[in-house]
Amino acid sequence: MAINSDVLVIGGGLAAVTAAVSAAREGADVRLVSHKASTLRQASGLIDALGYVPATEPAKPLRDGPPTAGRELDRDEWPDPEGPLADPFEGIERLPESHPYQVVGADALRDGLALFDDLAGDAYRGGHTDRNALVPTFGGAVKPTARYPAAAEAGLASDERPMLIVGFRSLTEYDARAFAGRLEAAGVPFDVAGAEVEFAEAFRADAKITRLAKALDHDEDIDGVPAREALAKAVAPHLHDVVDADGGVDRVERVGFPAFLGDDRGDEVRAELADRLGADVFEVPMGPPSLPGLRLEDRLFDALDAEGVRFETGNPVVGVESASDGRVEAVAVDRKGRTAPYGADAFVLATGGLVGKGLDSDREGVREPVFDLYVDQPDDRYEWFVDDAFGDQPYARFGVRPDERCRPTDADGEAQYENVFAAGGVVGGADAAREKSASGVSLATGLAAGRQAATEASQ
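Model, not experiment: these values are computed from the prediction.

What counts and how
Residues numbered from 1 in each chain as written. Predicted model: local features only at pLDDT ≥ 70, side-chain atom pairs only at ≥ 80, totals over all residues. Heavy atoms only, no water. Pairing = 2+ DSSP bridges. Helix = DSSP H or I, 4+ residues; strand = E, 2+ residues; numbered from the N terminus. Phe/Tyr/Trp six-rings, centres within 6.5 Å; stacked < 30°, edge-to-face > 60°. Buried < 20%, exposed > 50% of the residue type's maximum accessible area, 1.4 Å probe, protein only. Lys NZ or Arg CZ within 6 Å of the ring centre and 35° of its normal. Axes fitted to C-alpha atoms, helices over the stretch in contact; angles between N-to-C directions. Contact = heavy atoms within 4.5 Å. Core = buried A, V, L, I, M, F, W, Y, C linked by side-chain atoms within 4.5 Å. Domains from an automatic or database assignment. Buried area = accessible area lost by both parts, 1.4 Å probe. Salt bridge = Lys/Arg side-chain N within 4 Å of Asp/Glu carboxyl O. Polar contact = N/O pair within 3.5 Å; in protein donor to acceptor, adjacent residues only side chain to side chain. Nonpolar A, V, L, I, M, F, W, Y, C, P; charged D, E, K, R; others polar. Parallel < 35°, antiparallel > 145°, perpendicular 65-115°, else oblique.

A. The pairing of strand β18 (residues 338-349), seen in detail. Bridging between strand β1 (residues 3-10) and β18 involves seven bridges; their strand directions are parallel. Note that in β18 the partner of Val7 across the bridge is Ala346. Two elements, strand β17 (residues 327-335) and β18, share six bridges in a ladder whose sense is antiparallel. Residue pairing in the sheet places Ala332 in a bridge with Pro341 of β18.

Next up, the structure:
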């Protein structure tokens, strides 16, 4: 016997949570099934809407034929992406017609961001305006983003107060001096210095970031000194490291750390450090392992509970169990080696793109493995990419192509199933990495797909 619900959402990332909550708020009985841990924990925790509009045509015409690897296209022939955009909504009209924002409309992005604000509450900033903020990341970039953790607020690049970036000698991947140098090279409007201090040496060499966060959460003793006090004492001698343009020495007014200043008690840790240092304290978003991503995941899955969405992880959906008259009746879920049918009136596919394994690829092509949906792609594999790593890579836009109701279409543009909807990275048409649009696409398509699925189920 099938396990039934009005709407079944397949996936566990931002798009899936958005779709599930959106459908639940329309009155649907919703279940969410995901295979692996959410990709949220691998992300920086920033919510990008649209930071750049990349060129889709080279500045000079290509030689004969489509963009193809091996043509040795001169990368200088490609114009730089337009941006960073101050207003993400202003750039939408210049995106390709097949872009998800063009399909679901700018209002879906606006409503998706509003839903995120509601779910994230006071843990996030940026909801007071449609404009992007510029947030430094430990990759050395100043990133345009629509929403950012409250813990990163004091580090905005538009703030002109002098800044100190702190790294740790035993954590070589966080090179504070190099980071400060990259910020200066980017032309930020403030003086900045980087300093490596001794603190993490008190922990095992292979200690995880979460271990350091827990030590600060609980203010554990380090050689007889509480962890927060020990960290403040290590940083204090560097508060005058910033040298201004005239050679003078400034006392910094804000201090940035890698994003591990506590897990459950981050606000408390930052407040105590700020008090001890006499400066605002902020976290710099970073790649995995990402505490901001883990915190966001916790908050969003708490929201699923609050909305009455039932969810389960570790069980992959392996295919369609039954379908008739152009509608899917049930999918097959692998539950520890035995498949079980999960039925629903409507389904939302939010399994991610090539990176998230929502799309499979091999020498034969790219395919969507759950519903076997059509994925638009060139027949010649050498047309999947171009030589210029920073050029318009065709593979970046691979994915299912939805209609105006977010239903994936076939090669003729017709909906493949009446009651299947798609959201997030599995939807093609966006070059999310170059656009800085991944979260926004997830929110916009997740909201649209969730609402459409709820409507379908109600009928």
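B. Molecular detail of the packing of aromatic side chains. Taken as a whole and assessed by the stated rule, the structure comprises seven aromatic pairs. Residues Phe168 and Phe199 carry aromatic rings whose centres are separated by 5.9 Å and whose planes lie at 50 degrees to one another, so their mutual orientation is tilted. Taken together, the residues Phe168 in strand β7 (residues 163-168) and Phe199 in the loop between β8 (192-197) and α5 (209-217) connect sequence positions 31 residues apart. Note on accessibility: Phe168 and Phe199 belong to one class, buried. Seen from their ring centres, Phe168 and Phe260 are 5.4 Å apart, and the 40 degrees between their planes marks the pair as tilted. Taken together, the positions of Phe168 in strand β7 and Phe260 in the loop between β13 (254-258) and α7 (266-277) put the pair 92 residues apart, joining distant regions of the chain. As far as burial versus exposure is concerned, Phe168 and Phe260 are alike and both buried. Above the plane of the ring of Phe89 lies Arg110, whose end atom (NZ or CZ) is 4.0 Å from the centre.

C. The sheet that holds β8, seen in detail. Spatially, β8-β7-β13-β14 is the arrangement adopted by the four strands of the open sheet, whose pairing is parallel. Only two strands of the sheet have a single partner each, and these edge strands are β8 and β14 (280-284). In this sheet, adjacent strand axes meet at a mean angle of 25 degrees when their direction is disregarded. Relative to β13, β7 is paired through three bridges, and the arrangement is parallel. Among the inter-strand pairings, Met163 is bridged to a residue of β13, identified as Arg254. Relative to the sheet, helix α4 (residues 176-185) contacts β7, β8 and β14, its axis offset from that of β8 by approximately 170 degrees. Docked against the sheet, α7 engages β13 and β14, running at close to 130 degrees with respect to β14.

D. The arrangement of the environment of Leu296 in detail. Structurally, Leu296 is set in helix α8 (residues 291-306). Given a relative accessible area of 4%, Leu296 falls into the buried group. Distance from Leu296 to Arg147, taken between C-alpha atoms, is 12 Å for residues 149 residues apart in sequence.

E. The arrangement of the nonpolar core in detail. Ranked by internal contacts, the top residues of the largest apolar core, which has 56 residues, are Val7, Val30, Tyr101 and Val348. Looking at this core, the elements that each hand over two or more residues are β1, α1 (14-25), β2 (30-34), α2 (100-104), α3 (106-120), α8, β18 and α10 (438-458). If near-sequence neighbours (up to four positions away) are discounted, Val7 is found in contact with Ala23, Ala28, Asp29, Val30, Arg31, Ala344, Ala346, Val348, Ala453, Ala454 and Ala457.

F. Structural detail: the domain arrangement of the protein. Taken domain by domain, the protein consists of domain 1 (3-121 + 294-458) and domain 2 (139-284). Computed over C-alpha atoms only, the centres of domain 1 and domain 2 are separated by 35 Å. Counting from both sides, the interface comprises 16 residues of domain 1 and, opposite them, 13 residues of domain 2. Buried surface at the junction of domain 1 and domain 2, summed over both partners, amounts to about 1100 Å²; 54% is from carbon and sulfur atoms. Linking domain 1 with domain 2 are three salt bridges, by the criterion used here. Where domain 1 packs against domain 2, one counts eight residue pairs in polar contact (both at pLDDT 80 or more). Residue assignment for the side of domain 1 that touches domain 2 shows that the elements contributing at least two residues are α3 and α8. Element by element, the count of residues in the side of domain 1 that touches domain 2 is highest for α3, at three residues. A breakdown of the residues in the side of domain 1 that touches domain 2 according to their chemical character gives nine nonpolar, three polar and four charged.

G. Looking closely at helix α6 (residues 227-235). In terms of burial, α6 is largely enclosed, as seven of its nine residues are buried. Those residues of α6 that sit buried are Ala227, Arg228, Ala230, Leu231, Ala232, Ala234 and Val235.

H. The side chain of Ser22, seen in detail. As for its placement among the helices and strands, Ser22 is situated in helix α1. Residue Ser22 is classed as buried on the basis of its relative accessible area, which comes to 4%.

I. Highlighting the packing of α5 against α6. In the contact formed by α5 and α6, the axes pass within 7 Å of each other and the chain directions differ by 105 degrees. With respect to α6, the element α5 is oriented roughly perpendicular. Taking contact as the criterion, the partners of Ala215, Leu216 and Asp217 in α5 are, on α6, Ala227, Arg228 and Leu231. Within the contact of α5 with α6, the residues separate by chemical class into four nonpolar, no polar and two charged.

J. Geometry of the pattern of salt bridges. This model, assessed by the stated rule, comprises 34 salt bridges. In this structure, Asp29 and Arg310 form a salt bridge, with 2.7 Å as the shortest nitrogen-oxygen distance. Taken as a pair, Asp29 in the loop between α1 and β2 and Arg310 in strand β15 (residues 310-313) lie far apart in primary sequence, 281 residues in all. With relative accessibility at 32%, the residue Arg310 sits in the partly exposed group. For Arg434, the salt bridge goes to Asp431, with nearest N and O atoms at 2.8 Å. Taking relative accessible area as the criterion, Arg434 reaches 17% and is therefore assigned buried. Connected via shared salt-bridge partners are Asp159, Arg161, Arg254 and Asp280.

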